[in-house]
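# Results of the structural survey
Spelled out from the first residue to the last, the chains are:
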Amino acid sequence: MTSDATTATGVTALIDPRTGEPRGTAVCSRLPEVRAAVSGARAALPGWRALTPKERSRRLDRLAALVEEHADAYAARERAGTGKPEAEVAGEIEQVADLFRFFATAARTRTAPASGLLVAGHESWVRWEPVGVVGVVVPWNYPLLMAAWRCAPALAAGNTVVAKPAETTPDSLELLAEHAAAALGPGVLGHLPGDRETGRLLVESAVDMVAFTGSGRAGADVAVRAGTRRVSLELGGNAPAIVLPDAPADTWASLAEAVTYNAGQSCAAPARVITLAENYEAAVAGLTEALAARVAGRDFGPLNNPDQAERYDRLVAASGAKRNVAGTVAPEPGEEAGHWRPARLLADLPDDDPAVTEEVFGPLLTVQRADGPAEALALANGVPQALAASVWTGDLSAALELTAALDAGETWVNCHLVQTAELPHGGRGASGHGTDLSALALQEYQRPKTVTVRLGRRI
């Protein structure tokens, strides 16, 4: 490996997050590999975009079938890179297959926003055309699922894709690219393993659009490097959960399960529980008990990598919480050195505490007290991120009023992290912009072209 990081292909060590031990190496692509991948996608674009929606749909459906047929192989690769429990991985692979099938169908049911005799003597309509070659950069928390969130609508819309996984989790996207070559054709979905430098090279390459999921700081860098090209950004969250005194009895268990799913490494996971004064102590007691029942190593997996573990520890250490209650860690034999962190509750802390203002991205809940619903709403909307939120109450009118006033792209009432392919997901403010999931996501990867024809004359 030479000192020129832009021209030399190197390797990076891969670590098993459950054990903290090396598990192999992965390629770090550099400029020649990036150029080759983008050129391959560019060459495949005319043929792929020329297919009818019906034919693209059939091929995407075949890709979904390959994911299902090789579910065990995908599961092994996902677990190797993330340490997720088997049940979590199985559910996510099922979602991946469903996403490709959903967008295969959605691409055939699109409608134009306007058409007909809109100007006297003229017939007009709108064509939706693919953007071109899309560079996709996805994070390590959901390596395969986040790739599907981005790639499925981009491909269904007629684009070709070059996808870069996170440095620590290249495994499952490599297999998806192999199956995509068989089901969709060579170059339609390319796989570009590498590190942050690889991602920067991809963003600066001859792609027509960048779809990025990751941190706010990295997203801002992507936006600058992309210039005038289209960018879709999902930049994380810091989701509030407003819990009113009449919340359902299962609120604490539901929030504990949601914040420990994937070890809390989900942008939409609940992070900040906000109560009224009259139910604050009940919330602290209920969450303490519920989180104690969630055992790291048995019920949820480890943090993904040493950097994330160090960041989590730093935020916890910097917190001014007067109550800091941690649950249990019970790894399997031989996994004691993994990146395990217990479910944790922080209470009696200032509203500007770093555990409140920053996205912790781990199995941790803070609890804040508000004097009334208006102050609870102000606390919920008082951070830069605006991705997801939930409200917990038996009063439907109050719930609907609060969800309408919450600054978030996705809200839930008496539940959290309930998602499906049919419903859109996207952020506001520091959480980025753009839409994942639902038929609306197709427009992220298409451009409208108006066609107007003057009538009454021969062409």
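Here's what I pulled together on the structure shown here. (Residues numbered from 1 in each chain as written. Predicted model: local features only at pLDDT ≥ 70, side-chain atom pairs only at ≥ 80, totals over all residues. Heavy atoms only, no water.)

A separate point is the packing of aromatic side chains. Per the stated rule, a full pass over the model turns up two aromatic pairs. Plain terms: the ring middles of phenylalanine 102 and phenylalanine 103 are 5.1 Å apart, the flat faces sit at 85 degrees to each other, and that makes the pair edge-to-face. Here the two residues phenylalanine 102 and phenylalanine 103 agree in accessibility, since each one is buried. Judged by centre distance (5.7 Å) and plane angle (70 degrees), the rings of tryptophan 140 and phenylalanine 361 are edge-to-face. Taken together, the residues tryptophan 140 in the loop between β5 (133-137) and α5 (143-156) and phenylalanine 361 in the loop between α12 (354-357) and β14 (364-370) connect sequence positions 221 residues apart. Exposure remark for tryptophan 140: the relative accessible area of 18% places this residue in the buried category. Positioned over the ring face of tyrosine 280 is arginine 369, at 4.0 Å from the centre of the ring. (Phe/Tyr/Trp six-rings, centres within 6.5 Å; stacked < 30°, edge-to-face > 60°. Buried < 20%, exposed > 50% of the residue type's maximum accessible area, 1.4 Å probe, protein only. Helix = DSSP H or I, 4+ residues; strand = E, 2+ residues; numbered from the N terminus. Lys NZ or Arg CZ within 6 Å of the ring centre and 35° of its normal.)

With that settled, consider the packing of helix α1 (residues 31-50) against helix α7 (residues 196-203). For the pair α1 and α7, interaxial distance at closest approach is 10 Å and the crossing angle is 45 degrees. Relative to α7, the element α1 lies oblique. When you trace α1 past α7, the crossing you get is right-handed. Of the residues in α7, those touching α1 at Leu31, Val34 and Val38 are Thr198, Leu201 and Leu202. A class-by-class count of the residues in the contact of α1 with α7 yields five nonpolar, one polar and no charged. (Axes fitted to C-alpha atoms, helices over the stretch in contact; angles between N-to-C directions. Parallel < 35°, antiparallel > 145°, perpendicular 65-115°, else oblique. Left-handed = near helix turned anticlockwise from the far one by under 90°. Contact = heavy atoms within 4.5 Å. Nonpolar A, V, L, I, M, F, W, Y, C, P; charged D, E, K, R; others polar.)

So, about the sheet that holds strand β7 (residues 189-191). Spatial ordering of the open sheet is given by β7-β6-β5-β8-β9-β19, a layout of six strands whose pairing is mixed. Two strands in the sheet have a free side with no partner beyond their single neighbour: β7 and β19 (432-433). Across two bridges, the pairing between strand β9 (residues 230-234) and β19 is antiparallel. Within β19, the residue paired with leucine 233 across the bridge is histidine 433. α1 contacts β5 and β6 (160-164) of the sheet and is inclined by roughly 150 degrees relative to β6. Of the strands in this sheet, β5, β6, β7, β8 (209-213) and β9 touch α5, which is tilted by about 165 degrees from β6. (Pairing = 2+ DSSP bridges.)

As a further point, take the nonpolar core. Ranked by internal contacts, the top residues of the largest apolar core, which has 55 residues, are Phe100, Phe103, Leu155, Val161, Leu176 and Leu184. Among the elements that take part in this core, α5 stands out by supplying eleven residues, more than any other. In this structure leucine 176 touches Leu63, Val67, Tyr74, Phe100, Leu144 and Leu189, once residues within four positions along its chain are discounted. Tyr312, Val316, Leu349 and Leu364 belong to the second-largest nonpolar core, a separate cluster that totals 35 residues. (Core = buried A, V, L, I, M, F, W, Y, C linked by side-chain atoms within 4.5 Å.)

Given a rise of 1.5 Å per residue, 13 residues ought to cover 18 Å, and the 19 Å separating the end C-alpha atoms of helix α6 (residues 171-183) matches this to within 8%. Phi turns positive, to about 120 degrees, at glycine 185, one or two residues after α6. (Expected span 1.5 Å × (residues − 1).)

Summed over the entire model, instances satisfying the criterion amount to 25 salt bridges. For arginine 18, the salt bridge is made with glutamate 335, and the minimal N-O distance between the two is 3.3 Å. Of this pair, arginine 18 sits in the loop between β1 (10-15) and β2 (22-28) while glutamate 335 sits in the loop between β12 (323-326) and β13 (344-347), placing them 317 residues apart in sequence. Classification of arginine 18 as buried rests on a relative accessible area of 11%. Given the relative accessible area of 14%, glutamate 335 is considered buried. (Salt bridge = Lys/Arg side-chain N within 4 Å of Asp/Glu carboxyl O.)

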